[in-house]
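# Architecture and fold: a report
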Amino acid sequence: MFTWGKATSLTTILFFTVSSILIADNVHENESPSTALEDATQYFLNLLQENDPSLTARSLKRIKENWEEGYEIMLLEAIYYSRSNKHSSKLLKVLEDQTGKDFGLDHDRWFQWIWNKEASYPSEYFEYKAKLHRLIDPKFGKYFLNRGHQSTIRLDEVRWGGVLQDGIPPLRNPKMIRPLEATYLKDSAVIFGIEVNGDARAYPKQILAWHEMFVDEVGGLPVAGVYCTLCGTVILYKTEHNGTNHQLGTSGFLYRSNKLMYDKKTQSLWSTLEGEPVIGPLVGKGIQLEYLSVVTTTWGEWKKRHPDTKVLSLDTGHRRDYREGVAYKDYFATDDLMFTVPKIDGRLKNKDEILAIRLPEDTNENMAISSDFLRKRPIYQNKIGSTPFTVFTDTSGAHRVFKTEEIEFAKYDGYSTAKDSEGKVWTLGENILKGPEGKSLERFQSFNAFWFGYKAAFPEVVLIQ
């Protein structure tokens, strides 16, 4: 995702050209500005018509006269999309007068202040959000319009990421090649590896960062791999639930800096981290996609473990600079955030990597284990809820987690062999830990994430560092 300032010129032109036309049409259709101002949503939409100072003045007068606490976010979003400092200063003066706060044009401080209070936005906010953002992409209106009763997350924390729907194009049924054909990849290149029913695939970070999602059939299962570049997560979901295969895509929006997906049929918004609808008609239907394990490792390590693996081809159907380290170079180079979150937890740096340990079908407990902590401990054992697990961290720094019952492990060679406390030998596969006498233990679904984004999504998470 890109910030407003980094959005493409095409998107900027689209937004302001369409907005000028539609807002002008709204006023014209209602015959006079004073009539248009009778609707609270229109008050704020009028503020985008920056070339009409008198309309701005009348709108601001009405807003002040009818001020409610929930108008804070609506006015802030109008300021956020303002093209000129002169215009935004007029709007800012009202926001400061009504709230008693003085954050200037520091949008992040305003957002954080609002988000750390009880949600208070009015019912009109869903309509405003829809009409405001469909000026950027007409499809955006469907996400919010008439969905005030179909939401499980705070709407004021849903922010546009700077692209259109599928503006970061998912790779759908992408071309895969054999390892010997992948001459573009260095052995040290970071890849995201999966194995489903014996079908091993590698998705290089240098390609997936440009697309943030792949949709395919792997091992006979329809799946979607979702990469949130901002929050550092790659999660693999089975997209079929109760006989319905949900066709997922990139919505263009974020929640607490975490990517929101959408499904094509209902245009509901979905949580990337939880695999469930959070705004739209699918909310409350008991839908939660099953997620599978992804391992973040190097290309050299992965192909050594999986010589028959397939790997993404550079022939994606899109023209991008797929050289290693190009996509999001500036973002990954610092600890700065592109989109703020309600609170920053300084126990780790924002983009320090953690391993997420959740078992939502069994327990509400949630655990984040520092990757640095695990690299110093090739074997780490703990329990979440009533489920004991063991994390094996290999020489590349990749983590694989297994449900290990009450078995204690004493040694791990950093590759494929572990010994338990009784000296019995176990072999690590991608999804199965094989032991003596035909015993096997299943993989515990897990994924890596940046600390700031995971903590923002799950404030009660327990950190192990």
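Residues numbered from 1 in each chain as written. Predicted model: local features only at pLDDT ≥ 70, side-chain atom pairs only at ≥ 80, totals over all residues. Heavy atoms only, no water.

## A short note on the nonpolar core
Phe-44, Leu-75, Phe-144 and Val-158 are the most contacted members of the largest nonpolar core, which has 96 residues in total. Ranked by the residues each element gives to this core, the list is headed by helix H5 (residues 71-80), at eight residues. Apart from the residues lying within four places of it in its own chain, the contact partners of Phe-144 are Phe-126, Lys-129, Ala-130, Leu-155, Val-158, Phe-253, Leu-269 and Ile-279. Of all hydrophobic cores here, the second largest spans 25 residues; its members include Trp-270, Ile-287, Leu-289 and Tyr-291. (Core = buried A, V, L, I, M, F, W, Y, C linked by side-chain atoms within 4.5 Å. Buried < 20%, exposed > 50% of the residue type's maximum accessible area, 1.4 Å probe, protein only. Helix = DSSP H or I, 4+ residues; strand = E, 2+ residues; numbered from the N terminus. Contact = heavy atoms within 4.5 Å.)

## Topic: the packing of aromatic side chains
Inspection of the entire model under this criterion finds 35 aromatic pairs. Relative to Tyr-291, the ring of Tyr-237 has its centre 6.2 Å away and its plane inclined at 70 degrees; by these criteria the two rings are edge-to-face. Residue Tyr-237 is located in strand E8 (residues 233-238), and its partner Tyr-291 is located in strand E15 (residues 291-292); the two are separated by 54 residues in the primary sequence. Side by side, Tyr-237 and Tyr-291 carry an identical accessibility label, which is buried. Taking the centre distance of 6.5 Å and the plane angle of 70 degrees together, the rings of Phe-332 and Phe-450 count as edge-to-face. Pair noted here: Phe-332 is in helix H12 (residues 329-333) and Phe-450 is in strand E28 (residues 447-450), with a separation of 118 residues, a long-range link. Taken together through their ring pairs, the aromatic side chains of Phe-44, Trp-67, Tyr-71, Tyr-121, Tyr-125, Phe-126 and Tyr-128 make up a single cluster. Here the guanidinium or amino end of Arg-159 rests over the ring plane of Tyr-80, the centre of that ring lying 5.0 Å away. Across the ring face of Phe-111, the terminal group of Arg-159 is positioned such that the distance to the ring centre comes to 4.1 Å. (Phe/Tyr/Trp six-rings, centres within 6.5 Å; stacked < 30°, edge-to-face > 60°. Lys NZ or Arg CZ within 6 Å of the ring centre and 35° of its normal.)

## Brief notes about unusual backbone geometry
We note that Asp-166 has phi near 55 degrees; this positive angle belongs to a residue other than glycine. By the element assignment, Asp-166 lies in the loop between strand E1 (158-160) and strand E2 (171-172). The phi dihedral of Asn-242 is positive, around 50 degrees, even though this residue is not glycine. Here Asn-242 is to be found in the loop between strand E9 (240-241) and strand E10 (244-245).

## A look at the environment of Gly-243
Along the chain, Gly-243 falls in the loop between E9 and E10. Exposure remark for Gly-243: the relative accessible area of 65% places this residue in the exposed category. Separated by 75 residues in the primary sequence, Gly-243 and Ile-168 have C-alpha atoms spaced 28 Å apart.

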